[in-house]
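Structural description and commentary
Single-letter residue listing:
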Amino acid sequence: MTAEIECEQNKRVSVSREGWTPKIVMFCCNWCSYAGADGAGVARLQQETNVRVIRVMCSSRVDAVHIYTAFLEGADGVLITGCHLGDCHYVNGNEKTLVKYKFIKSMLDEMGIEDERLQLQWISASEGQQYAAFVNEMTEKIRKLGPSPFRKPEVI
Amino acid sequence: MTKTIKFSENVYTTVCPGCGFGCGVYLRELMPEGENHILNIDYRKPSPVNEGKLCRFGVKLPEYFEQTEYNSDSFETGLNEKHMEAIKKAADALKGVKSSEIALVSAGNTTNEEHMAFINLGKTLNTPVNTCVNHVYKDIGKLHVYTSGNVSYSEIENAKKIYLFVNPYVSYPLLTRRLVHAKRKGAEIVYFGLKKLPIACKNVKTKPCESLYEVDEFKPDSETVIISDITPYTNSKRISEIVEIANPEKTEAKLLFMKPFVNSTGAGHLSRHSKQKTIQNIIKGIEDGTIRVLFCLDTDIINMCLNPEVENVLKKVETLIVMSSTITPICEIADVLIETEPFYKKEGTVVNSERRIIPMSSTLDTPIRAGFNQINEIIKAVGGNAKSFEDTKEEILSEFGIEKVDEFKIPEVSIKKYDVEKVSDKLEVCCPADEPDTNAKFIYELNPFMWHNRKDENDYIEISPEFISEIKLIKGHTADINCACKSINKTLRYKPTDMENGYIFSQKKQPFAKAPVAKVNIKPTPLVKKQ
Amino acid sequence: MTKVKVGDRLIGWSTNEEVRSNGGSGGLVTAVFAAALEKGLVDNVVVLEKANQFEAVPIITDSVEDVFNSAGSMHMLISNQTKYLQQFKNEASIALAVKPCDMRGIREQQKRNTIDSDKIFTVGLNCGGTMAPFKIREVVESVYEVDPDQVKGEEIEKGKLIIETFDGEHHSHSIDDLEVDDHGRRENCRYCTVKIATNSDLACGNWGVIGELSGRGTYVEVMTEKGAEFLQNAIDMKFAEVVEAPEKGTEIRGKVNGVMLKMAANTHKEVFKPIEGDKLEDLRKELENCIHCGACKEVCPVCACGVDAKCNKYYDPTDDYDISLYHLIRFLHLSDSCIGCGQCTDVCPADIPLTRLYRRFANPVQEELDYMPGMDDRTPPFFLTKLEELE
């Protein structure tokens, strides 16, 4: 008898690419990026529609729990946006985001989650153009990557 | 330096009372001067049973004891007036009735020493001590040899093939690591049940009432270890079939039967020659008035029974004597309540499911033996001969055929056949016959939290993803479950679990299910529109 | 002799001859504790109450006699001193002996304000690794072929585990050989990089004790002002005597440490070799038997969150995630602070190699930031506003 018996039934089932479209959760800070998103909309810039925007008061409000829950519930990517460094409405919230982001990023990397699935970008209120470009770029990248390994078949 | 408090400390080397697995644990009692004691767990890493590891229940032991123990300081100075008064009342009640009208019950929630003293009381009164666990099935004499432990946990690790009839994750969590080791060494683990367990290499769908003769995969041989359990709800037919098919004398297959209470095996062994009653018979006896005095030693029949009606039946008994180390529902309705020291403070031995005799000790200068002494006082009061603690200890050792307690060696015990009443071998089902309005079968997964009526984050049901879509449950919402007769309804959260369709599992006692398997109706909770 | 000061490297012993010979290495630690208790520098000392050669529990005492009676060390005692101290909620002043990892835990708790450094005095003992008590018992029976009840004591010397029996015989096996079959030290000890407790008040051990003092003296490095005070007190009270450590001794101590660290580095490479294939699947497989008992958090010496911790509050038993939020949050929160003490692996009822998993996430971050938790008073990086503030 071999030491390792193959236990087929206990393997993770991955989602097939067929009929799949990426689902992206995006956190926007109230003071800069959310206004940026607004600006992109007002300017009628072409954007991918795979992004679900969640408004937060500051990018530092985005906790690891939110990010992990998004992935576990089937998100293919998570984007965090905030004010440029030095412009934070709460003095240094975005600096703290940066610290947290570094640790989460390192952890996702250790779990084998691709770099593109979690991204942080500073977008100010006037940067509607940049906002649209970021959304389009990331959607395209995640589309190329395929479904997230966390995603389960029953999650539609 | 700021102000400091004077502390003193006791460490109790004890056994987790959660189930019959017999996990060793230290309980550290910290006593700040002039304040209440603080209990903490310390992991007993030298324990041969669990190497210090504990399950969810074990980790929460300090909370369990703090919430259920009687003021334990009162026992350190010996028995007080309150205790003696209760003892006198109990003795008077016992003396006032015929021996056939008395039922003594001890399921094994206390030490061998106390159980032995209780048996002694039974001898004085000429009535047996009922353990309510070891004799749920027919023809006990033939089976007992196989059901009282003939495989050690370490032997599981070396098995080639393991047949599981219990869900180790829920019912006996410390079994899991033994199975993990076995699997690493190449064992094939087959689970006979309705769930898909990660530990199992193969899950064979086996319904609770299904005959094992019809399960083709159940083919035990000399390299097989079969793990099942015996509880007050065990389907007796299943147990007999396991033993019949495995037929250890012929196939050399090994059998391990887990038990629900910490000293079930010890109590079962010490009471093995007595003609016992089943829990159903005792309840019936109370209902028709043939049992007038019921004496429970650390056995809460209300917790033990799935049907809450039992409480009303117990109220009918003329005198209900309860001797308990924990505050449980039965204490509230007791006519005579004898409080004893918490389990962790007890000195003595317990026997776990693999029949290992485990000593319990402490760093105290004089051990607390309140419970033992109280039983002895009752024996004296009813005119019997009370035996000293040391003599009782000797008696227990000789019952197990050993000279001294060594928890690292499992004693060989040859067990003679003995008789108990025959019981029906049908699995009790809450609402009989086929109810047209039910769409699922509800099954309990027994676990320490349920036996001890403890709160845990387990007020939810488990159900398969396919069944969730079939009955259209909505993610994040709840399900409504009715019993077949529609009289009880409960709204519960649910967890999608890899298992058979049409079944519901629960780890918590639910009002709509009064039997181990119950037919129920499940549907989504109607969404209420916001006003 | 001049007064003891920080940075001193000395060799000391107990003036009580019985303690000196029983203690195995001069009984200096016993002497320092006894003197401190006698003088009233502390109210309590933690001693080991032995049940047998394989079992002992730490317990506090305020009697000098108990301290003298408790001399002797055990390699299989894996007590959790950080959690032990936390029970007292800073309401008692306590002196205790610690392993380097215990001390790292205590330091991390000091940063999190749950242990008051004014209330405790620690003597750090050199630690080449610890062994699971149950495993040792098994090994004594199966490898040494000795009846466990006949064991008088054990000692690690020159890479060998020596078992002494009551008949005076010594039985020895190389630890390397034992570890091939996983019969030796706990896995985390094999790659642990702190062998000398330089983070405690006094760093003691028998490495570097040479010549005629060998076996009758303890090498001590004074790490803090408090350490100097306590050692001076023991000398003043005539409980202990010290001499300057010879240079050769210091050199040997360094060498022993160096050899150990080299071995640790090799094990580290072996244990943490890159995972081939699906990393996420690997992690999920490791965690599939988790029963969510929460013991790994209970024993974690660096966790200070209590019952309302995020990992408990956001874990919902009805979730059917591949990896539960409980674990993900703990992996993240420990990535800057895990000290690799192995307590979590010890208590896991499903035998999940948790320490290895925590270290898998902690190694890259701690290496990159050059941050070793529990070795100094720096703020844990996760709590910083800017990583540049970590000096």
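About the criteria used
Residues numbered from 1 in each chain as written. Chains lettered and ligands numbered in written order. Predicted model: local features only at pLDDT ≥ 70, side-chain atom pairs only at ≥ 80, totals over all residues. Pairing = 2+ DSSP bridges. Helix = DSSP H or I, 4+ residues; strand = E, 2+ residues; numbered from the N terminus. Axes fitted to C-alpha atoms, helices over the stretch in contact; angles between N-to-C directions. Buried ≥ 20, exposed ≤ 12 C-beta atoms within 10 Å, placed from the backbone. Right-handed = clockwise from strand over helix to strand, strands pointing away. Domains from an automatic or database assignment. Contact = placed C-beta atoms within 7 Å. Nonpolar A, V, L, I, M, F, W, Y, C, P; charged D, E, K, R; others polar.

So, on to the sheet that holds strand β5 (residues 120-125) of chain C. Residues and elements named next belong to chain C. Strand order across the open sheet formed by eight strands is β3-β2-β4-β5-β9-β10-β1-β11, with mixed pairing between neighbours. Of all the strands in the sheet, the pair left with one neighbour each is β3 (55-61) and β11 (240-244). Averaged over all adjacent pairs, the angle separating strand axes in this sheet is 30°, with direction ignored. The sheet contact formed by strand β4 (residues 94-98) and β5 spans five bridges and is parallel. Each residue of the ladder has a partner; that of Leu96, found in β5, is Thr122.

All names here are of chain B. Burial along strand β4 (residues 102-105) is two-sided: the face carrying Ile102 and Leu104 and the face carrying Ala103 and Val105 are both buried. Two strands pair when backbone bridges link them, and β4 and strand β11 (residues 293-297) are joined in this way by four bridges, in the parallel orientation. Across the sheet, residue Ile102 finds its bridge partner in β11, namely Val293. Pairing of β4 with strand β5 (residues 129-130) involves two bridges; the strand directions are parallel. Pairing of Val105 across the sheet is with Asn130, part of β5. Each parallel crossover has a hand, and for β4 linked through helix α4 (residues 112-125) to β5 it is right-handed.

It is common to give the size of an interface as the accessible area that goes away when the parts come together. All names here are of chain B. You can read the domains of chain B as domain 1 (73-133 + 270-399), domain 2 (140-258) and domain 3 (440-524). Taking only C-alpha atoms into account, the centre of domain 1 sits 35 Å from that of domain 3. Of the residues lining the interface, five residues belong to domain 1; the matching set on domain 3 comes to eight residues. Looking at side-chain class alone, the side of domain 1 that touches domain 3 contains two nonpolar, three polar and no charged residues.

Residues and elements named next belong to chain B. A sheet is described by the order of its strands in space; here five strands give the open sequence β8-β7-β6-β9-β10, paired in parallel fashion. Lying at the two open borders of the sheet, with one neighbouring strand each, are β8 (202-205) and β10 (254-258). Averaged over all pairs of adjacent strands, the angle between their axes in this sheet comes to 20°, without regard to strand direction. The pairing of strand β7 (residues 188-193) with β8 spans four bridges and is classified as parallel. From the neighbouring strand, Tyr191 faces β8, where its bridge partner is Asn203. Sheet contacts for helix α7 (residues 175-184): β6 (161-164), β7 and β9 (224-229); angle to β7, the most-contacted strand, approximately 135°.

Listed per partner, the contact involves 41 residues of chain B and 36 residues of chain C. Contributions of two or more residues to the side of chain B that touches chain C are made by β1 (7-15), β2 (24-32), β3 (38-43), α1 (56-59), α7 and β19 (489-496) of chain B. Within the side of chain B that touches chain C, the residues separate by chemical class into 23 nonpolar, eight polar and 10 charged.

Residue and element names in this part refer to chain C. With five of its seven residues buried, β3 lies for the most part within the structure. Summarising the sheet, strand β2 (residues 44-52) and β3 pair through seven bridges and their orientation is antiparallel. Bridge assignment links Lys50 to a residue of β3, and that residue is Ala56. As consecutive antiparallel partners, β2 and β3 are separated by two residues.

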